[in-house]
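Listed here are the chains, written in short residue letters.
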Amino acid sequence: MKTLLNDRRPLVYCPGCDHANVVQALNRALMQLKLSGNQVVIVTDIGCSGLFDTFYNTHALHGLHGRPLTYATGLKLARPELTVIAVMGDGGMGIGGAHVIASCRRNLDINLLVLNNFNYGMTGGQCSVSTPQQAITSSGFLNQLEQPLDFCKLAETAGASWVGRFLPEEKELAAGISEAVCHHGFSVLEVENVCTGRYARGNPRALREKKEHEHNPLFSGVVSRNERLEYGDGYRRLAAEQPAEEPFTEIAVEQTAAIDDRCEIMLLGAAGQRMNTAGEILCFAAMAAGLQVTRKSDYPITVLRGHSVCEVVCSPQPIRYTGIARPDVILALAPEGVERKRSVFESVKSDCLIIKAADVEIPPSQCRIIEIDFQQQCGITFINRGVAALAVLSCVHPVLNANMFRSGLFYRLKSRQLEMALVTAGRISSWFKENPQ
């Protein structure tokens, strides 16, 4: 194959624009490397640089502005044998700068080609992150107030292991692209090109300054201090060393449910009471009886402080709505949880069952209330109230019976935690035999 250029897509750029030279240089580089179209992916975003993927007979992905490196990263990790080339303009570099820095730090074998024409050419010549402060743009004085970014210095500082800067008419551009593609790591190759459609009109010296720049030595090549393991190689090696994940637990329907309609249970506790664990035990128990279940949790970002609320819905029928407004059962186990859901008590149904800890105040209610002093009556600590409350529930409500509860414990807990939960369940059962409700 003599070229990878798409003969049905002419290189249409503004008069005097050198982007077409970059298109040709990239094609020469790929041909020098003897790469075929099905071995290359060109990923672009928005702007003049976003036309690049249409000019070649290769794989292509055209995405959101500033995001081509995110797509390129997924492509390279999934298909490491492909040559992945992301193309961005200076506009995309500003919008997606965090992705550029992350890619530099990561060192995945992607090649980033930056077409820097110092402004948003496609949308009318507004200033970009690389616009010089003295430049005249359609953004008025805004570029005078911000320092322009040096993409190569940024890439080098952020950890890119290959960095280069070229002018579009340089003979060495194709060789530079070829070298960047061969580099096993993240490469950033910037091509400076004055936008003749928008930028050059207000900045006539820019073209001459660019020509003068040709004779200056430019950034090019491996950044030795950033050379390191390529991310994909490291990822695959470490991933292979990880222990195999445990298979999903299959829940056998071995118990019998005693409800024939939807039942909503709200666990109101505090951080450190294992409310989520209690909710999961309840879910496993319900599934062991063939019921459908949903669970939602609500807790703040703090650790061991604040409310912890768990909402569980059990039903013989499919659950279309997972919200709970008027629960059938409330387990009130800590003031934080009660305060979080105080409004629920105002609308609760009269046949609702409330199981509450003796030291927890709840709003006045006409519901059936079972109060228990977990510590004094059963020797159960604060952190075990969730499991203890489920044990109470298994003694007094059809949504959970003793066999279901036992199945839930064995599905969710292991070793020491399981032993402690069984002890807690035993103490509650003994207390209920002596104090029937």
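What comes next is a walk through the structure. (Residues numbered from 1 in each chain as written. Predicted model: local features only at pLDDT ≥ 70, side-chain atom pairs only at ≥ 80, totals over all residues. Heavy atoms only, no water.)

1. What to know about the overall build of the protein chain
Consideration 1: Summing up its helical and strand segments, the protein chain has 16 helices and 15 strands in all.
Consideration 2: For the protein chain, the C-alpha radius of gyration of 33 Å lies well beyond 22 Å, the compact-globule estimate for 437 residues.
Consideration 3: Its C-alpha atoms give the protein chain principal-axis dimensions of roughly 95 × 50 × 45 Å.
Consideration 4: Of all 437 residues assigned to the protein chain, the portion counted as buried reaches 51%.
Consideration 5: Considering only contacts within the protein chain whose residues lie at least 6 apart along the sequence, 67% involve residues at least 24 apart.
Consideration 6: Roughly 21500 Å² of accessible area belongs to the protein chain as shown, and the carbon and sulfur atoms make up 52% of that amount.
Consideration 7: Within the protein chain, one finds 43 positive and 44 negative side-chain charges whose respective centroids are separated by 1 Å. (Helix = DSSP H or I, 4+ residues; strand = E, 2+ residues; numbered from the N terminus. Rg over C-alpha atoms; globule rule 2.2 N^0.38 Å. Buried < 20%, exposed > 50% of the residue type's maximum accessible area, 1.4 Å probe, protein only. Contact = heavy atoms within 4.5 Å. Areas by Shrake-Rupley, 256 points an atom, 1.4 Å probe, with all protein chains shown as cover. Lys, Arg positive; Asp, Glu negative; His and termini not counted. Charge placed at Lys NZ, Arg CZ, Asp CG, Glu CD.)

2. Points about empty space enclosed by the protein
Consideration 1: Going through the model one piece at a time under the given rule, you end up with two cavities of 30 Å³ or more.
Consideration 2: A volume near 120 Å³ is recorded for the largest cavity.
Consideration 3: Lining the largest cavity are Gln273, Arg274, Thr277, Ile281, Ile383, Asn384, Val387, Leu413, Gln417, Met420, Ala421 and Thr424.
Consideration 4: Mapped by element, the contributors of at least two residues to the lining of the largest cavity are α10 (275–288) and α16 (415–434).
Consideration 5: If one sorts the elements of the lining of the largest cavity by residue count, α16 sits on top with four residues.
Consideration 6: Residues belonging to the lining of the largest cavity are distributed by class as follows: six nonpolar, five polar and one charged.
Consideration 7: Of the voids in this model, the second largest cavity is the one considered here, and its volume is about 70 Å³.
Consideration 8: Considering the residues around the second largest cavity, the lining is formed by Leu26, Ile85, Asn111, Leu112, Leu113, Ile177, Ala180, Val181, Ser187 and Leu189.
Consideration 9: Broken down by secondary-structure element, the contributors of at least two residues to the lining of the second largest cavity are β4 (111–116), α6 (172–182) and β8 (187–192).
Consideration 10: Among the residues making up the lining of the second largest cavity, the classes are represented as eight nonpolar, two polar and no charged. (1 Å grid on protein atoms, 1.4 Å probe; cavity = no way out; pocket = protein on both sides within 12 Å on 5 of 7 lines; lining within 4 Å. Points joined across faces, edges and corners; volume = space filled by probe spheres on them. Nonpolar A, V, L, I, M, F, W, Y, C, P; charged D, E, K, R; others polar.)

3. With respect to the packing of aromatic side chains
Consideration 1: Considering all chains together, one arrives at seven aromatic pairs under this definition.
Consideration 2: A centroid spacing of 5.8 Å and a plane angle of 65 degrees characterise the contact between Tyr13 and Phe55, whose relative ring orientation is edge-to-face. In this pair, Tyr13 is assigned in the segment before α1 (19–32) and Phe55 in the loop between β1 (40–44) and β2 (59–62), connecting sequence segments 42 residues apart. Across this residue pair, the class does not change: Tyr13 and Phe55 are buried.
Consideration 3: Linked through ring pairs, Tyr13, Phe52, Phe55 and Tyr56 together constitute an aromatic cluster.
Consideration 4: Sitting over the ring of Tyr231, Arg106 keeps its end group 5.8 Å from the ring centre. (Phe/Tyr/Trp six-rings, centres within 6.5 Å; stacked < 30°, edge-to-face > 60°. Lys NZ or Arg CZ within 6 Å of the ring centre and 35° of its normal.)

4. Digging into the sheet that holds strand β11 (residues 292–298)
Consideration 1: Spatial ordering of the open sheet is given by β11-β12-β10-β13-β14-β15, a layout of six strands whose pairing is mixed. On the outer flanks of this sheet lie β11 and β15 (368–372), each paired with one strand and no other. For this sheet the average axis-to-axis angle between neighbouring strands, irrespective of direction, equals 15 degrees. (Pairing = 2+ DSSP bridges. Axes fitted to C-alpha atoms, helices over the stretch in contact; angles between N-to-C directions.)

5. Points about the nonpolar core
Nonpolar side chains tend toward joint burial in soluble globular proteins.
Consideration 1: Grouped together as the largest cluster of nonpolar side chains are 64 residues, with contacts concentrated most on Ile330, Phe374, Leu390, Leu400, Phe405 and Ile428.
Consideration 2: In terms of residue count, the dominant contributor to this core is helix α14 (residues 385–396) (eight residues).
Consideration 3: Not counting residues within four places of it along the chain, the set of residues in contact with Leu400 comprises Leu282, Ala285, Leu390, Leu393, Ser394 and Phe405.
Consideration 4: Counting residues in hydrophobic clusters, the runner-up holds 31 residues, among them Ala20, Trp162, Val181 and Val191. (Core = buried A, V, L, I, M, F, W, Y, C linked by side-chain atoms within 4.5 Å.)

6. Focus: α10
Consideration 1: Here α10 spans 20 Å end to end across 14 residues, near enough to the 20 Å set by a 1.5 Å rise per residue.
Consideration 2: Across the 14 residues that make up α10, a large majority, eleven, are buried.
Consideration 3: Every buried residue belonging to α10 is among Met275, Thr277, Ala278, Gly279, Ile281, Leu282, Cys283, Phe284, Ala285, Ala286 and Ala288, and all of these are buried.
Consideration 4: Phi turns positive one or two residues past the end of α10, at Gly290, with a value near 85 degrees. (Expected span 1.5 Å × (residues − 1).)

7. Comments concerning the sheet that holds β4
Consideration 1: Spatially, β2-β1-β3-β4-β8-β7-β9 is the arrangement adopted by the seven strands of the open sheet, whose pairing is mixed. For this open sheet the edge positions go to β2 and β9 (220–222), each flanked by a neighbour on one side alone. Neighbour-to-neighbour, the strand axes of this sheet turn through a mean angle of 15 degrees, independent of strand direction.
Consideration 2: Pairing analysis gives five bridges linking strand β7 (residues 162–166) to β8, with the strands arranged parallel. Bridge pairing in β8 links Trp162 to Ser187.
Consideration 3: Sheet contacts for α1: β1, β3 (83–89), β4 and β8; angle to β4, the most-contacted strand, approximately 160 degrees.

8. Re the packing of helix α4 (residues 97–106) against helix α5 (residues 151–158)
Working note: a packed helix pair is described by the angle between its axes plus the distance between those axes.
Consideration 1: For the pair α4 and α5, interaxial distance at closest approach is 8 Å and the crossing angle is 45 degrees. Between α4 and α5, the crossing angle belongs to the class labelled oblique. Along this stretch, α4 crosses α5, giving a crossing that reads as right-handed. Seen from α4, the contacting residues are Ile101, Cys104 and Arg105; seen from α5, they are Leu154, Ala155 and Ala158.
Consideration 2: For the contact of α4 with α5, the per-class residue count stands at five nonpolar, no polar and one charged. (Parallel < 35°, antiparallel > 145°, perpendicular 65-115°, else oblique. Left-handed = near helix turned anticlockwise from the far one by under 90°.)

Nothing here speaks to function; it is all geometry.
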